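Each chain, written out:
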Amino acid sequence: STDPVPFAQELADNPYAGTWASAASMNTGRFRLGGAGTPSAALAFGGIEPATSAKTESWNGSAWSEVNDMNTARRSLAGTGIQTSAIQGGGYTTANVDNAETWNGSSWTEVAEVNTGRRGGAGLGTASGSLLSGGITTGIQALNESWNGSAWTEVNDLNSARGNNSATGTTTAGIVIAGDSGPGLSGLTETWNGSSFTEVADLNTARAEQAAAGTQTDALVFGGYAPPGYMANTEAWNGSAWTEVNDLATGRSTLAGSGPSGSAALAFGGANPSVTGSTEEWSFTGLDPSTTPAADYANAIT
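Owing to the predicted nature of the structure, the values given are computational and were not obtained by experimental measurement. Residue positions are given per chain, counted from 1 along the sequence in the order it is written. Given that the model is predicted, a residue must reach a pLDDT of at least 70 before its local features are reported, and side-chain atom pairs must reach 80 or more before they are shown or counted; all residues, however, enter totals for whole chains, interfaces and linings. Side-chain measures here rest on the full set of heavy atoms in the structure, leaving out hydrogens and waters.

J.: Run through the sheet that holds strand 24 (residues 256-261), naming residues and quoting values.
T.: The antiparallel open sheet is built from 4 strands, whose spatial order is 1-26-25-24. Each end of this open sheet is capped by a strand with a single partner; those strands are strand 1 (18-23) and strand 24. Going across the sheet, the axis of each strand differs from the next one's by a mean of 20 degrees, ignoring polarity. By definition, two strands form a pair when at least two bridges between them are found by DSSP. A helix here means a DSSP run of H or I that spans at least four residues, while a strand means a run of E at least two residues long, and both kinds are numbered starting from the N terminus. An axis is simply a line fitted to the C-alpha atoms; with a helix, the fit covers only the stretch in contact. Between two such axes, the angle follows the N-to-C directions and lies from 0 to 180 degrees.

This is how it looks when you write it as structure tokens:
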């Protein structure tokens, strides 16, 4: 009764189509770790082994290699950047800490501390310009701090306080997603324009302790925790709405993630509830919208 849609056009109309595939595991499984980089060049640092860890591992697209440790072992820290230039801040040792360290591709260097020590915040941006949003002190926070390469500055808060949240993007076009809202879990999503946050569409499934990759208009959120347990759920963001896509093979929370877009991501570490070093790669299976067949061509091949 209606014209069919060609298979190629269906793929083009669903640019967030993709699947997760297992890859080589980390040398040291851990959870509540930090992550940075891309699916072919990632960095994993800190976490719980179950002892609090200072270990750092580098991913080359096929295997993890141990590299130089952090100066201060900690867990529940925020991290961002690329494999050769990253930054991490905050976290927990036996108490919340305000430590911050930068990575130059071979070693970590202590830099200026964050203004408010906390755990469970989220980082976005680069080693020379980043944002640390949310987190937990004695309670859930809406705090937001900006790093300019030499110092942290308090800037406008999130609209809704949360901890164990995730974030991705840049310091002028970022996105902060979900988390513990105290009490309860949040699916709230907020975008950052360089000066303030704006609430946008919620995740389909509220959660905390998830990971994220991508940009403000093209992102992926995966894993996390929500009753009754550890999640494999993955959702894709197109700049205006979240869509459920294929799940992780291993459901887990407190994992780390990296990736430049919603069509290229890496998931690693976490707990379910045992510690895991599992690594999974998100592979895009749709068609690039920029090369989508024109409407008249689609009708012709129908």
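Okay, back to it.
J.: Go over the side chain of Glu235 with me, naming the residues and quoting the values.
T.: Its place among the elements puts Glu235 in strand 22 (residues 234-237). Glu235 gets classed as buried once you look at its relative accessible area, which sits at 0%. Within polar-contact distance, the side chain of Glu235 engages the backbone nitrogen of Asn204 at 2.9 Å. Residue contacts are counted whenever heavy atoms from the two residues lie within 4.5 Å of one another. Residue contacts for Glu235: discarding those within four places in its chain leaves Leu203, Asn204, Thr205, Arg207, Ala219, Leu220, Val221, Trp242, Thr243, Glu244 and Val245. Partly exposed residues are those whose accessible area sits between 20% and 50% of the maximum for their type, while under 20% is buried and over 50% is exposed, using a 1.4 Å probe and protein chains only. Here a polar contact is recorded for every N or O atom pair within 3.5 Å, except that within protein the pair must consist of a potential hydrogen donor and a potential acceptor, and residues adjacent in sequence are included only if both atoms are side-chain atoms.

J.: Can you tell me about the sheet that holds strand 19 (residues 219-222), naming the residues and giving the values?
T.: Taken together, the 4 strands give an open sheet; going across it, the order is 18-19-22-23, and neighbouring strands pair in antiparallel fashion. Edge strands, defined here as strands with exactly one partner in the open sheet, are strand 18 (211-214) and strand 23 (242-245). Each neighbouring strand pair of the sheet contributes to a mean axis angle of 25 degrees, computed without reference to strand direction.

J.: Describe in detail the environment of Trp59, supporting the description with residues and values.
T.: Structurally, Trp59 can be placed in strand 4 (residues 56-59). The buried category is assigned to Trp59, whose relative accessible area is 0%. Taking C-alpha positions, Trp59 is 6.2 Å from Leu43, a pair spaced 16 residues apart along the chain. Apart from the residues within four sequence positions on either side, Trp59 is in contact with Ala23, Ala24, Pro39, Ser40, Ala41, Ala42, Trp64, Gln83, Leu266, Thr279 and Glu281.

J.: An account of unusual backbone geometry is needed here, citing residue identities and associated values.
T.: In this chain, Gly182 is followed by Pro183 through a cis amide linkage whose omega measures 0 degrees. Within the element layout of this structure, Pro183 appears in the loop between strand 15 (174-180) and strand 16 (185-192). Across the junction of Asn272 and Pro273, the peptide omega takes the value -5 degrees, indicating a cis bond. In this structure, Ser76 takes a positive phi of about 55 degrees despite not being glycine. One non-glycine residue, Asn164, lies in positive phi territory at about 50 degrees. When you line up the elements, Asn164 lands in the loop between strand 13 (152-154) and strand 14 (166-169). When its relative accessible area of 13% is taken as the criterion, Asn164 is described as buried.

J.: An account of the pairing of strand 7 (residues 85-89) is needed here, citing residue identities and associated values.
T.: Buried residues dominate strand 7, accounting for 4 of its 5 residues. The pairing of strand 6 (residues 78-82) with strand 7 spans 5 bridges and is antiparallel. Paired with Gly81 across the two strands is Ala86, which belongs to strand 7. The antiparallel hairpin formed by strand 6 and strand 7 contains 2 residues in its connecting segment. When strand 7 meets strand 8 (residues 100-103), the two strands line up antiparallel, connected through 4 bridges. When the sheet's bridge partners are listed, Gly89 is paired in strand 8 with Ala100.

J.: So what's going on with the packing of aromatic side chains? Which residues, and what values?
T.: Here is the rule: rings of Phe, Tyr and Trp (six-membered ring for Trp) pair when centre to centre is within 6.5 Å. Planes less than 30 degrees apart are stacked, more than 60 are edge-to-face, and the remainder are tilted. Counting across every chain of the model gives 10 aromatic pairs. Seen in terms of ring centroids, Trp20 and Phe222 are 5.0 Å apart; in terms of plane orientation they differ by 65 degrees. Their pairing is edge-to-face. Taken together, the residues span a long stretch of sequence, with Trp20 in strand 1 and Phe222 in strand 19 at a distance of 202 residues. Comparing Trp20 with Phe222 shows no difference in burial state: the two are buried. Ring centres of Tyr225 and Tyr230 lie 5.3 Å apart, and the angle between their planes is 75 degrees; on these two criteria the pair is classed as edge-to-face. Using a relative accessible area of 30% as the deciding quantity, one classes Tyr225 as partly exposed. Judged by its relative accessible area of 38%, Tyr230 is partly exposed. Site record: aromatic cluster; members linked through ring pairs are Trp20, Phe222 and Trp282.

J.: Go over the nonpolar core with me, naming the residues and quoting the values.
T.: Put simply, a nonpolar core is a bunch of buried Ala, Val, Leu, Ile, Met, Phe, Trp, Tyr and Cys residues held in one set by side-chain atoms that sit within 4.5 Å of each other. By size, the foremost hydrophobic cluster in this structure holds 13 residues, and its most contacted members are Trp20, Leu220, Phe222, Leu248 and Ala265. Those elements that place two or more of their residues in this core are strand 18, strand 19 and strand 25 (264-268).

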